[in-house]
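Descriptive analysis of the structure
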Amino acid sequence: MTAGTDEFALINRLAWLLDPPTHGIGIGDDAATWSPTPGTVTVATTDMLVEGIHFRLDWTTPEDLGWKAMAVNLSDIAAMGARPRHALVSIALKPDQAGIVIEIYKGIAAHARASGTFVVGGDTVRTDGPLTINVTLLGEADPALILRRDGARPGDVLAITGTAGGSAAGLALLSGEPTDSDPDRSRRLLAMHHRPSPRLHAGPALASLGARCGIDISDGIASEAGHLARSSNVAIVIDVDAVPFHPDAVAMFGLERARTLGLNGGEDYELLVALPLSLVDRARDAIASETTLTVIGRVVQDQHGGLVTATSGGLPFTLGAGGYVAF
Ligand SMILES: [Mg+2]
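Residues numbered from 1 in each chain as written. Predicted model: local features only at pLDDT ≥ 70, side-chain atom pairs only at ≥ 80, totals over all residues.

1. Overview of the overall build of the protein
Counting its regular elements, the protein contains 10 helices and 11 strands. Its C-alpha radius of gyration of 20 Å places the protein within 12% of the 20 Å reference for a compact globule of 327 residues. The buried share of the protein, taken over its 327 residues, is 47%. For the protein, long-range pairs separated by at least 24 residues make up 84% of all intrachain contacts whose partners lie at least 6 apart in sequence. (Helix = DSSP H or I, 4+ residues; strand = E, 2+ residues; numbered from the N terminus. Rg over C-alpha atoms; globule rule 2.2 N^0.38 Å. Buried ≥ 20, exposed ≤ 12 C-beta atoms within 10 Å, placed from the backbone. Contact = placed C-beta atoms within 7 Å.)

Below, the structure is given as structure tokens:
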């Protein structure tokens, strides 16, 4: 598609918001170039956010939307034990949305800077449809130190970084779910939803320590544990009493609802890892500057693979919709 004068002006304004790469060719040529770090593999992921499906412009600021579009991809890179390097960003917008796209790019630029990622290209096109943002993230990792979904072994423990349910609690607030009003708690939960912090340090740090299995929590603990169990051909038992549910979610919605938000909600962008118990103390120390690590379950042998069950107070606990996966 040939860019009109207006589009060139817009692209120039967007490029001006971004830091130019310190190496290779970035925005402004036909394509971008860079040199991979010797001995690393490239790790690639892409994620598309569509207005009305993944976000509502009356619930989020465009700047937060840009931050989150980066976050969902950065989290997948971290979940592989990789480090982000470059991003390509494409946005489809209506003719009257030029102002919004600049605000979105401010959020993208902020998260790129905070994560050491360079935006080196992309596309901006007009549409009559919903606002759509696609980010492709390219990272790198030591090929021997990748966190995979199929790396869980019977005897491993299941551990989670940070807390669970904060983002889903923020979404519940936006949806108008009744709760005790508390402006400070509300503000923190909304920030969890709008400005998630992917575990960019924890992912590679856990991989370097010898963890081999991880996934990021985009769909809730129960569902992600199901992915690990199926891919690794094991069963997972979650101790619900050990899960660190977000304290503001518990305070505002009560423990029972906070449990559902954390186990079956989503978008926390924490990491769920399976690792030998003997690594847990060192793993905790290695990621302490960024977040916490809490053991919430164990990996056991399973004849068929893929079973996720839970207990609370020593009794079976129903994980709810999407959480119980049996084959
Ligand atoms: Mg993921």
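Next comes the rest of the description.
2. So, the nonpolar core
If you look at the biggest cluster of nonpolar residues, it comprises 93 residues, and the most contacted ones within it are Ala169, Ile221, Ala225, Ile236, Leu272 and Val273. Here the element with the most residues in this core is helix 2 (residues 62-79); it accounts for 10 residues. When residues are assigned to domains, this core turns out to be shared by domain 1 (5-141) and domain 2 (157-317), each giving three or more. Dropping the residues within four chain positions of it, Ile236 is found in contact with Leu158, Ala225, Leu228, Ala229, Gly297, Val299 and Val308. (Core = buried A, V, L, I, M, F, W, Y, C linked by C-beta atoms within 7 Å. Domains from an automatic or database assignment.)

3. Brief notes about the sheet that holds strand 8 (residues 271-275)
One open sheet accounts for 7 strands, arranged 6-8-5-9-7-10-11; its pairing is mixed. A single partner strand is all that each edge strand has here, and the edge strands are strand 6 (213-216) and strand 11 (315-317). This sheet shows a mean twist of 30 degrees between the axes of neighbouring strands, independent of strand direction. Relative to strand 8, strand 5 (residues 157-161) runs antiparallel, the two being bridged by 4 bridges. For Ala159, the partnering residue across the bridge sits in strand 8 and is Val273. Here helix 6 (residues 202-209) sits on the sheet and contacts strand 5, strand 6 and strand 8; the angle it forms with strand 8, its principal contact strand, is near 5 degrees. (Pairing = 2+ DSSP bridges. Axes fitted to C-alpha atoms, helices over the stretch in contact; angles between N-to-C directions.)

4. Points about the environment of Ser175
Along the chain, Ser175 falls in the loop between helix 4 (166-174) and helix 5 (183-194). Taking the C-beta count within 10 Å as the criterion, Ser175 has 8 such neighbours and is therefore assigned exposed. Residues Ser175 and Gly81, 94 residues apart in the sequence, show an inter-C-alpha distance of 34 Å.

5. Remarks on the domain arrangement of the protein
If you check the domain split of the protein, you get domain 1 (5-141) and domain 2 (157-317). The partner domain 2 presents 18 residues to the 18 residues of domain 1 that form the contact. Contributing elements (two or more residues each) for the side of domain 1 that touches domain 2: helix 2 and strand 2 (83-93). Here the element with the most residues in the side of domain 1 that touches domain 2 is helix 2; it accounts for 10 residues. The class makeup of the residues in the side of domain 1 that touches domain 2 is 10 nonpolar, 4 polar and 4 charged. (Nonpolar A, V, L, I, M, F, W, Y, C, P; charged D, E, K, R; others polar.)

6. Quick look at the packing of helix 4 against helix 5
Their axes nearest at 7 Å, the elements helix 4 and helix 5 cross at an angle of 110 degrees. When the axes of helix 4 and helix 5 are compared, the pair comes out roughly perpendicular. Crossing hand, helix 4 versus helix 5: left-handed. Here helix 4 contributes Gly166, Ser167, Ala169, Gly170, Leu171 and Leu173 to the contact with helix 5, which in turn contributes Ser186, Leu189, Leu190, Met192 and His193. Taken together, the residues of the contact of helix 4 with helix 5 sort by class into 6 nonpolar, 5 polar and no charged. (Parallel < 35°, antiparallel > 145°, perpendicular 65-115°, else oblique. Left-handed = near helix turned anticlockwise from the far one by under 90°.)

7. Observations concerning the packing of helix 4 against helix 9 (residues 255-264)
Two numbers describe how helix 4 lies on helix 9: the axes approach to 8 Å, and their chain directions differ by 110 degrees. Comparing the axis directions of helix 4 and helix 9 gives the class roughly perpendicular. Between helix 4 and helix 9 lies a crossing whose hand is right-handed. Within the contact between the two elements, helix 4 uses Ala168, Ala169 and Ala172 and helix 9 uses Ala258, Leu261 and Gly262.

8. Here's the deal with helix 4
The buried fraction of helix 4 amounts to 8 of the 9 residues, a majority that puts the element mostly inside the structure. The set of residues buried in helix 4 consists of Gly166, Ser167, Ala168, Ala169, Gly170, Leu171, Ala172 and Leu173. As for helix 4, its buried residues are in contact with helix 5, helix 8 (247-253) and helix 9. Of the residues flanking the end of helix 4, it is Gly176, one or two places downstream, whose phi is positive at about 85 degrees.

9. Side note on unusual backbone geometry
Despite not being glycine, Asn233 shows a phi value in the positive range, around 60 degrees. Residue Asn233 is classed as partly exposed on the basis of its C-beta count, with 15 C-beta atoms lying within 10 Å. If you check the backbone angles, Tyr269 has positive phi at about 55 degrees while not being a glycine. Looking at the element boundaries, Tyr269 is found in the loop between helix 9 and strand 8.

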